[in-house]
Amino acid sequence: DEARTPLIISAPAEESTEKYHQFARLVTQLNPEIDYKIDEKMRVTTLTEEGITKMERLLGVKNIYEEKGVETVHHIEQSLKAHSLFQKDKDYVVKDGEIIIVDEFTGRLMFGRRYSEGLHQAIEAKEGVEVKQESLTLATISFQNYFRLYGKLAGMTGTAATEAEEFHKIYDLDVLVIPTNEPMVRKDLNDVIYKTLDAKFDAIAETIEEKHKKGQPVLVGTVSIEKNELLSDILGRRGVPHQILNAKHHEKEAEIIAQAGQVGAVTVATNMAGRGVDIVLGGSLPMDASPKEVKEWQKEHNKVVEFGGLCVIGSERHEARRIDNQLRGRSGRQGDPGASQFYVSLEDDLMRIFGGDRVKGLMNTLGLPDDQPIEHRMITRSIESAQRKVEGHNFDIRKHLVEYDDVMNKHRETIYTRRQEILKSKDLKNEILELIGKEIQQIVRTYTLGSKAEWQIDILFDMVKRIVSLPDKIKDKIKEMDNPDAICELLLGNVNKIYEEKEKEVKPELMRFLERMVYLRTIDTLWIDHLDAMEHLREGIGLRGYGQRDPLVEYKHEAYNMYQRLMAAIQHDLVGTIFKVTIAREPIRKEPEQEPVWQGAQEKKEGKKTWEYPEEELGIKDSASAPDIKASVFNSEAQTRGADKQGPEIRDQQPVEAQSRGIETPITKRRDSEVSDNIVGGKKKIGRNEPCPCGSGKKYKKCCGR
């Protein structure tokens, strides 16, 4: 289910603006159907002409696209999406002043994960909580290509049969159905369908009350926290004792599940109880139970079996049959008796969006009242048909994603393989000199086209001086030459000489380290830009279909050209940066009786970027006599772009649980000004508002810092 969108690792980008709060207020003044259209199948909202005109009037502009730009339109669309499509206690909850996403498939809270492209910030503004920084994508991969990285793939689940085709097409895996250990005796009753939600929930509550009085344990599955709490209120008014289990009360999950099979027990749960849960009839028996306790438990167990076992009631059909089958599977385990039945209304999301018209027409034709249900095999088949449509639609989305990600995967493999080679390499000198040679040859070829009278020697020399500072007398020599190859030879000879002098000045072992550092920094900075450019290409490539061109073929062609430009940019920026690295030496400042620690600090001093490393990492053996060494990189084109975009920190990263569904996993990056305050006694001090290092996703002050 989560494989419909890629995994993303992100870092904070620019500061959030007041625009999110502004647009959160403005979109509430728009009218559905008139000012914007909602497509619930595709989960998108679109402003109509009337809506655009109203927004222009509210913002006081004549043309929102010309005067405010595409970025403003994007903010408006995300605010509108947050307002109309994302619901509190269904898609997310507000907890401790933060927006926490609820996994629609498991019903659990996903701490540390955020929606991408400004959507999470739009939801924060909508709910009136603190709007966090926007994010910058550092890495992305689809679930499918992530799993393909493994040499061997296998798995076991009770609900894979409905997805056998996808397993075969995507992973080349066959699905084998193994018979149950004991015969299945659970009664799966036909669905009961009502006209309205209110009538459906009243019927569910009546059934639960009846089963409770009989003594039969009941497990009720709801699709959201909102519906979960609604049903709990209805049961409370009827005086039916019950346990509620959702992401807000997950601390008592084990205790609630352990007792869910007792006589007369009623448990109202979200999808949390729909998978990986074994409900024992009569209640769970402790491992160290005495013979007397075992005897008492056996009596309770026999009573529940006599009453018909666990009754599972589904308050709504999910868009995937697999999730429904998981809920049914809580009952009738290991040959136990049980029953399951789903209650559906025409106002449910599945019926409303995917094919409830036929059933609704039938009910209107028969003139049935709202509280009169229909129970027939045809209804169940109609619902399952709607589910198959949704499953097919979702499969197409996943298949589509893989086809495009396969193109990006080639780039990913090449770049990551190159990074590993650089990390493991002990000497990159020859490779860097070769890249310098290629860059200079390319410059010479570009500005020595045609006859000598057409050569642009002044521009040629200026381009070379951007790489390395050369004396002006060399330009005079170049003007006297007639052969471009001789010019290349002259320039390369001088550049290599300067490189050798620089190496002697800073020591060979430190030069090897700086080569690796600059190479990696250049790749990382440009790779982030490449990911952003590829995402923009992916979003707009579908329009090529209107020109009778295959968007996938066009995407592959454009992606190849962008990859070639990426490799050329890496070479250009690396060559332009390596000569600008300078070394400053300062005395060691050590705390008494303290082991040396990795600082990983980044400071701002006189417009320079500074990384601090211990001598052992630099390969300097005599650390007792060696000075503390700081590598200072001046703001070259590559480094400036990295600073502006706030690229990934080489150190001090704190990854959070991996993400999905277009949801980002943030990596915390401290501002330069915070570093000196946050390093105390040689160790990093954790700020109260920083994510807790335990990985819970909560702020430090609300977790381990209490």
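First, a word on scope: everything that follows refers to the structure included in this document. (Residues numbered from 1 in each chain as written. Predicted model: local features only at pLDDT ≥ 70, side-chain atom pairs only at ≥ 80, totals over all residues. Heavy atoms only, no water.)

**Notes on the overall build of the chain**
Part 1 of the argument: Of the regular secondary structure elements, the chain holds 24 helices and 23 strands.
Part 2 of the argument: Restricting the contact set of the chain to residue pairs at least 6 apart, pairs at least 24 apart contribute 71%.
Part 3 of the argument: When the accessible surface of the chain is summed, it comes to about 36600 Å², and 50% of that surface belongs to carbon and sulfur atoms. (Helix = DSSP H or I, 4+ residues; strand = E, 2+ residues; numbered from the N terminus. Contact = heavy atoms within 4.5 Å. Areas by Shrake-Rupley, 256 points an atom, 1.4 Å probe, with all protein chains shown as cover.)

**Description of the layout of surface pockets**
Part 1 of the argument: Roughly 2200 Å³ of volume is contained in the second largest pocket.
Part 2 of the argument: Lining the second largest pocket are 49 residues, and of these M156, T157, G158, T159 and A160 sit closest to its centre.
Part 3 of the argument: Secondary-structure elements contributing two or more residues to the lining of the second largest pocket are α6 (143-148), α7 (164-171) and α12 (321-328).
Part 4 of the argument: For the lining of the second largest pocket, the element with the highest residue contribution is α12, accounting for four residues.
Part 5 of the argument: Considering only residue class, the lining of the second largest pocket consists of 19 nonpolar, 16 polar and 14 charged.
Part 6 of the argument: Residue assignment places the lining of the second largest pocket across two domains, with domain 1 (2-148) and domain 2 (187-376) each supplying three or more. (1 Å grid on protein atoms, 1.4 Å probe; cavity = no way out; pocket = protein on both sides within 12 Å on 5 of 7 lines; lining within 4 Å. Points joined across faces, edges and corners; volume = space filled by probe spheres on them. Nonpolar A, V, L, I, M, F, W, Y, C, P; charged D, E, K, R; others polar. Domains from an automatic or database assignment.)

**Description of the environment of L219**
Part 1 of the argument: The residue L219 is located in strand β11 (residues 218-221) in this model.
Part 2 of the argument: Each C-alpha atom of the pair L219 and L327 lies 9.1 Å from the other, and the pair is 108 residues apart in sequence.

**Thoughts on the packing of aromatic side chains**
Part 1 of the argument: All chains considered together, the criterion is met by nine aromatic pairs.
Part 2 of the argument: Here the aromatic rings of F143 and F147 are separated by 6.1 Å at their centres, their planes lie at 35°, and the arrangement is tilted. A residue pair is termed a helical-turn pair when its members lie 3 or 4 positions apart in one helix, as F143 and F147 do in helix α6 at four residues.
Part 3 of the argument: Seen in terms of ring centroids, Y499 and F579 are 5.7 Å apart; in terms of plane orientation they differ by 80°. Their pairing is edge-to-face. A residue pair is termed long-range when its members are at least 10 positions apart, and Y499 in helix α19 (residues 484-506) and F579 in the loop between α21 (551-578) and β17 (581-586) qualify at 80 residues.
Part 4 of the argument: By relative accessible area, Y499 is classed as buried at 0%.
Part 5 of the argument: Members of the aromatic cluster, joined through ring pairs, are F143, Y146, F147, Y150, F167 and Y171.
Part 6 of the argument: The ring of F201 carries K200 above its face, with NZ or CZ at 4.9 Å from the centroid.
Part 7 of the argument: Above the plane of the ring of Y404 lies R538, whose end atom (NZ or CZ) is 4.0 Å from the centre. (Phe/Tyr/Trp six-rings, centres within 6.5 Å; stacked < 30°, edge-to-face > 60°. Buried < 20%, exposed > 50% of the residue type's maximum accessible area, 1.4 Å probe, protein only. Lys NZ or Arg CZ within 6 Å of the ring centre and 35° of its normal.)

**Description of the side chain of H301**
Part 1 of the argument: Within the secondary structure, H301 sits in helix α11 (residues 291-306).
Part 2 of the argument: On the basis of relative accessible area, H301 is assigned to the buried category, the value being 14%.
Part 3 of the argument: Ignoring anything within four residues of it in the chain, the contact list for H301 reads L281, G282 and D336.

**Notes on the environment of R419**
Part 1 of the argument: By secondary structure assignment, the location of R419 is in helix α15 (residues 377-424).
Part 2 of the argument: Given the relative accessible area of 22%, R419 is considered partly exposed.
Part 3 of the argument: Sequence separation of R419 and D524 is 105 residues, and the distance between their C-alpha atoms is 9.0 Å.
Part 4 of the argument: Each residue touching R419, except ones within four places of it in the same chain, is listed here: L520, I523 and D524.

**Thoughts on the nonpolar core**
Part 1 of the argument: Counting residues in hydrophobic clusters, the biggest one holds 60 residues, and the most contacted among them are I436, I478, L491, Y499, Y519 and F579.
Part 2 of the argument: At the level of elements, α15, α16 (429-447), α17 (457-467), α18 (473-480), α19, α20 (508-540) and α21 are the ones that each hand at least two residues to this core.
Part 3 of the argument: Take this core: its biggest share by element is 14 residues, from α20.
Part 4 of the argument: Those residues in contact with Y499 that lie beyond four places of it in its chain are K429, I432, L433, I436, M511, E515, I578 and F579.
Part 5 of the argument: Membership of the second largest hydrophobic core comes to 19 residues, among which are V192, I204, V218 and V268. (Core = buried A, V, L, I, M, F, W, Y, C linked by side-chain atoms within 4.5 Å.)

**Notes on the environment of I436**
Part 1 of the argument: Mapping I436 onto the fold places it in helix α16.
Part 2 of the argument: The class of I436 is buried, set by a relative accessible area of 0%.
Part 3 of the argument: In sequence terms I436 and N496 are 60 residues apart; their C-alpha atoms lie 8.9 Å from each other.
Part 4 of the argument: With residues up to four places along the chain from it excluded, the contact list for I436 reads L492, V495, Y499, V575, I578 and F579.

**Topic: a nonpolar patch on the surface**
Part 1 of the argument: Where nonpolar side chains cluster on the molecular surface, the patch consists of Y146, F147, L149, Y150 and L153 and spans about 470 Å² of accessible area.
Part 2 of the argument: Y146 gets classed as partly exposed once you look at its relative accessible area, which sits at 35%. (Patch = residues over 30% accessible without salt bridge, like charges linked within 9 Å, V, L, I, M, F, W, Y side chains within 5 Å. Salt bridge = Lys/Arg side-chain N within 4 Å of Asp/Glu carboxyl O.)

**Points about unusual backbone geometry**
Leaving glycine out, the prevailing phi sign among residues is negative, and the prevailing peptide bond configuration is trans.
Part 1 of the argument: Positive phi, close to 70°, is recorded for E33, a residue that is not glycine.
Part 2 of the argument: For E33, the location among the structural elements is in the loop between α1 (19-26) and β2 (36-39).
Part 3 of the argument: Take E33: its relative accessible area is 51%, and that puts it in the exposed class.
Part 4 of the argument: The backbone of Q334 sits at a positive phi, close to 55°, despite the residue not being glycine.
Part 5 of the argument: One can find Q334 in the loop between α12 and β15 (338-345).

**Some remarks on a negative patch on the surface**
Part 1 of the argument: On the surface, a cluster of negative charge is made up of D198, D202, E206, E210, E347, D370 and D371.
Part 2 of the argument: Relative to the elements of secondary structure, E210 occurs in helix α8 (residues 197-214).
Part 3 of the argument: A relative accessible area of 55% places E210 in the exposed class. (Lys, Arg positive; Asp, Glu negative; His and termini not counted. Charge placed at Lys NZ, Arg CZ, Asp CG, Glu CD.)

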